Amino acid sequence: MSVPVLVWRERTPELESVASVWAIRAAVMMQRVVPADPCISIILVQSDASAEVIIRGPETAPRREILLPGYTWIGIRLRPGVQLKNFPAQQLTDSFRILPADSNGQFQFDGTLLQFPSFSNAEQLIKRMQDLGCISGKALNSQESPQKVMSSKSYSRFVKRSTGLSPYKLHQLQRISEALRLLRQGMAAVTVASELGFADQAHLTRAAKQFLGYTPKELLRWPHNF
């Protein structure tokens with residue numbers, strides 16, 4: 001039996017504050033395109049001898065990443081609007097921070113030693129961080145209208161402060177993330193375009209290329225995309 005070159009897993013989380021949990025491991029050195037993403041991610045990069053925790057995103061454009069054999073990546077994507085203490089979303093946009101970790105996945109966050117869990121119980125870390133006050137805020141949906149007590153300008157500032165993105169950019173990224181999810185479920189591109197308010201299939205194709213790095217047809221050939 002041949003060994004798979006790439007092992008990719010992703011699952012629906014149990015917490016409302018988490019968008020998804022994913023894990024990836026490559027048998028050989030390879031490159032992948034990481035799509036634009038409205039979420040802040042907490043990622044453990046681990047080998048037998050070393051580990052580090054990366055706080056990354058949101059990201060407004062796709063980027064290339066090298067996967068090295070012998071390493072495992074486990075990522076927890078927080079929904080837009082969910083914030084990390086001492087890591088403002090505006091400072092993380094298209095950027096990242098690295099936190100040292102030991103080979104067992106233990107790392108310091110705001111003076112507290114935390115254990116990065118396995119793929120199957122990643123929610124334990126988020127619950128612990130919420131209990132410690134290291135995670136706050138709630139998920140924002142770009143389709144929601146501004147509250148009546150808040151002007152459009154105030155709402156725009158609130159979204160920017162909470163997510164690191166303008167309301168328009170948040171809408172673009174959330175819509176293309178949903179398009180990717182539907183495409184991977186097997187929905188036809190023309191139907192996805194209609195469901196999500198793209199002008200037509202060509203508009204969806206241009207947006208996918210811009211934010212995901214692939215056309216809808218190309219995306220279906222790659223398992224390692226959100």
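Just above sits the structure.
So, a few notes on the structure that sits alongside this text. (Residues numbered from 1 in each chain as written. Predicted model: local features only at pLDDT ≥ 70, side-chain atom pairs only at ≥ 80, totals over all residues. Heavy atoms only, no water.)

**So, the overall build of the protein chain**
- The helix and strand tally for the protein chain stands at 7 helices and 12 strands.
- Taken over the C-alpha trace, the protein chain has a radius of gyration of 18 Å; the compact-globule value for 226 residues is 17 Å, and the two agree within 12%.
- When the 226 residues of the protein chain are sorted by exposure, 46% land in the buried category.
- A separation of at least 24 residues holds for 67% of the contacts in the protein chain among residues at least 6 apart in sequence.
- The protein chain carries 27 positive and 18 negative side-chain charges, and their two centres are separated by 6 Å. (Helix = DSSP H or I, 4+ residues; strand = E, 2+ residues; numbered from the N terminus. Rg over C-alpha atoms; globule rule 2.2 N^0.38 Å. Buried < 20%, exposed > 50% of the residue type's maximum accessible area, 1.4 Å probe, protein only. Contact = heavy atoms within 4.5 Å. Lys, Arg positive; Asp, Glu negative; His and termini not counted. Charge placed at Lys NZ, Arg CZ, Asp CG, Glu CD.)

**Some thoughts on the nonpolar core**
- The biggest cluster of nonpolar side chains holds 31 residues, and the ones touching the most others in it are I42 and L84.
- When contributions to this core are tallied by element, the ones reaching two or more residues are β2 (18-26), β4 (40-46), β5 (51-56), β7 (72-78), α1 (89-92), β9 (96-101), β10 (106-109) and α2 (123-131).
- Sequence-distant contacts of L84, defined by excluding residues within four places in its chain, comprise I40, I42, I55, L78, F109, M129, C134 and I135.
- Of all hydrophobic cores here, the second largest spans 24 residues; its members include L165, L180, L182 and A208. (Core = buried A, V, L, I, M, F, W, Y, C linked by side-chain atoms within 4.5 Å.)

**Focus: the packing of aromatic side chains**
- With the rule as written, the count across this model stands at 5 aromatic pairs.
- A centroid spacing of 6.2 Å and a plane angle of 45° characterise the contact between Y71 and W73, whose relative ring orientation is tilted.
- Taking the relative accessible area as the measure of exposure, W73 reaches 8% and is therefore buried.
- Taking NZ or CZ as reference, R11 lies 5.4 Å from the ring centre of F119, over its face.
- The aromatic ring of W22 is capped on one face by R32, whose charged end is 5.3 Å from the ring centroid. (Phe/Tyr/Trp six-rings, centres within 6.5 Å; stacked < 30°, edge-to-face > 60°. Lys NZ or Arg CZ within 6 Å of the ring centre and 35° of its normal.)

**Topic: the pattern of salt bridges**
- In the structure shown here, the tally under the stated rule is 10 salt bridges.
- A salt bridge links E10 to R184; its shortest N-O distance comes to 3.2 Å. In this pair, E10 sits in strand β1 (residues 6-11) while R184 sits in helix α4 (residues 167-184), placing the two residues 174 residues apart along the sequence.
- The exposure class assigned to E10 is partly exposed, which follows from its relative accessible area of 31%.
- With a shortest N-O distance of 3.7 Å, K209 and E218 are connected by a salt bridge.
- By relative accessible area, which is 23% here, E218 ends up partly exposed. (Salt bridge = Lys/Arg side-chain N within 4 Å of Asp/Glu carboxyl O.)

**So, a nonpolar patch on the surface**
- The grouping of M29, I66 and L68 at the surface amounts to a nonpolar patch, some 290 Å² of accessible area in total.
- Structurally, the position occupied by L68 is in the loop between β6 (63-67) and β7. (Patch = residues over 30% accessible without salt bridge, like charges linked within 9 Å, V, L, I, M, F, W, Y side chains within 5 Å. Areas by Shrake-Rupley, 256 points an atom, 1.4 Å probe, with all protein chains shown as cover.)

**Re the side chain of R56**
- Tracing the sequence through the fold places R56 in strand β5.
- Setting aside residues up to four positions removed in sequence, R56 forms contacts with C39, I40, S41, I43, R63, S95 and F96.

**Description of unusual backbone geometry**
- With an omega of 0°, the peptide bond between G57 and P58 qualifies as cis.
- Structurally, the position occupied by P58 is in the loop between β5 and β6.
- The phi dihedral of N86 falls on the positive side, at around 70°, and the residue is not glycine.
- Position of N86 relative to the elements: it lies in the loop between β8 (83-84) and α1.
- Although it is not a glycine, D94 adopts a positive phi angle of roughly 55°.

**Details of the side chain of E59**
- Note that E59 resides in the loop between β5 and β6.
- Of note is the side chain of E59, whose polar atom sits 2.5 Å from the side chain of R63.
- Each residue touching E59, except ones within four places of it in the same chain, is listed here: V34, A36, D37, D94 and L173. (Polar contact = N/O pair within 3.5 Å; in protein donor to acceptor, adjacent residues only side chain to side chain.)

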